[in-house]
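Coordinate analysis (summary)
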Amino acid sequence: LMETRHLVSNIQGYIMTQALWLPWKRLQKSIDAAETLADMRSAHVRYISVAYNRCFQSSDTKKVRACVERIFERILAFKTRMSAGIANADKELGLDDRTFQDLRDIIHKTRGDCRLLFRVMRALARKGFAPMLDLVTRLDYNGYFSGALSATR
């Protein structure tokens, strides 16, 4: 669960800095420097294009988007299953074995999805998608993902 929390927190930070704040600052500078309406339109189109790409909406980042969506679906499945398990839990014994196994299975699949996402993002960063390098660095700050990938080979 900490792995998923780390991932979501860093994706949020990436979106705020690389996808929104930095392009917004560039847009403001471009608008200030614009001499014509066409210059302003061009700056705006660039801003939208950069934000779109950095928010994993382009064809170059579709694999990242698919991985992120799958991870978020699993997070919601975990929350739903946990809530149902708690609501139906025996007051003395806690969660039943079936619920425990379901939750464990979701965690296991989510870990695999997180590792796949890291591999995909690292490949994009190596191909020159510089903003992705920021997210890869954030995620692998302590070498967790690269270490986990080395251990599974």
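Each remark here, short or long, concerns the structure printed above.
Residues numbered from 1 in each chain as written. Predicted model: local features only at pLDDT ≥ 70, side-chain atom pairs only at ≥ 80, totals over all residues. Heavy atoms only, no water.

What follows deals with the packing of helix α1 (residues 2-33) against helix α5 (residues 130-139). Contact geometry of α1 with α5 gives a least axis separation of 10 Å together with a crossing angle of 150 degrees. Our classification of the angle between α1 and α5 gives roughly antiparallel. As for how α1 packs across α5, the hand of that crossing is right-handed. Within the contact between the two elements, α1 uses H6, L7, N10, I11, G13, Y14, T17 and Q18 and α5 uses P131, M132, D134, L135, R138 and L139. Split into classes, the residues belonging to the contact of α1 with α5 amount to seven nonpolar, five polar and two charged. (Axes fitted to C-alpha atoms, helices over the stretch in contact; angles between N-to-C directions. Helix = DSSP H or I, 4+ residues; strand = E, 2+ residues; numbered from the N terminus. Parallel < 35°, antiparallel > 145°, perpendicular 65-115°, else oblique. Left-handed = near helix turned anticlockwise from the far one by under 90°. Contact = heavy atoms within 4.5 Å. Nonpolar A, V, L, I, M, F, W, Y, C, P; charged D, E, K, R; others polar.)

This brings us to the nonpolar core. Residues F56, V64, L117, M121, M132 and L135 are the most contacted members of the largest nonpolar core, which totals 21 residues. Where this core is concerned, the elements lending two or more residues are α1, α3 (62-87), α4 (97-126) and α5. Looking at this core, the element that brings in the most residues is α4, giving seven residues. Those residues in contact with L117, other than ones at most four positions away along the chain, are L7, I11, V64, C67, V68 and I71. (Core = buried A, V, L, I, M, F, W, Y, C linked by side-chain atoms within 4.5 Å. Buried < 20%, exposed > 50% of the residue type's maximum accessible area, 1.4 Å probe, protein only.)

Moving on, we get to α4. Helix length check: α4, at 30 residues, gives a terminal C-alpha distance of 44 Å against a target of 44 Å (1.5 Å per residue), a fit within 8%. The N-cap residue of α4 is D96: its side-chain oxygen and the backbone nitrogen of R98 are 3.0 Å apart. Immediately downstream of α4, the backbone of G128 shows phi near 110 degrees, a positive value. (Expected span 1.5 Å × (residues − 1). Polar contact = N/O pair within 3.5 Å; in protein donor to acceptor, adjacent residues only side chain to side chain.)

Let us look at the packing of aromatic side chains. One pass over the structure, following the stated rule, counts two aromatic pairs. Here Y14 and F56 contribute two aromatic rings whose centre-to-centre distance is 5.6 Å and whose plane-to-plane angle is 5 degrees, an arrangement assigned as stacked. Taken together, the residues Y14 in helix α1 and F56 in the loop between α2 (37-54) and α3 connect sequence positions 42 residues apart. Comparing Y14 with F56 shows no difference in burial state: the two are buried. Centroid distance W24 to Y47: 5.7 Å. Interplanar angle 75 degrees. Geometry classified as edge-to-face. Of the two residues, W24 sits in helix α1 while Y47 sits in helix α2, which places them 23 residues apart along the sequence. Its relative accessible area of 14% is what places Y47 among the buried residues. (Phe/Tyr/Trp six-rings, centres within 6.5 Å; stacked < 30°, edge-to-face > 60°.)

A surface patch of nonpolar side chains, amounting to about 200 Å² of accessible area, comprises V8, F72 and I75. With respect to the helices and strands, V8 occurs in helix α1. (Patch = residues over 30% accessible without salt bridge, like charges linked within 9 Å, V, L, I, M, F, W, Y side chains within 5 Å. Areas by Shrake-Rupley, 256 points an atom, 1.4 Å probe, with all protein chains shown as cover. Salt bridge = Lys/Arg side-chain N within 4 Å of Asp/Glu carboxyl O.)

This part takes up unusual backbone geometry. Leaving glycine out, the prevailing phi sign among residues is negative, and the prevailing peptide bond configuration is trans. Even without glycine at this site, F56 takes up a positive phi of about 65 degrees. Judged by relative accessible area, which is 4%, F56 ranks as buried.

Considering all chains together, one arrives at seven salt bridges under this definition. Among the ionic pairs, R111 bridges to E3, the shortest N-O distance being 3.6 Å. One end of the pair, R111, is in helix α4; the other, E3, is in helix α1, and 108 residues separate them in sequence. Here R111 falls in the partly exposed class, since its relative accessible area comes to 34%.

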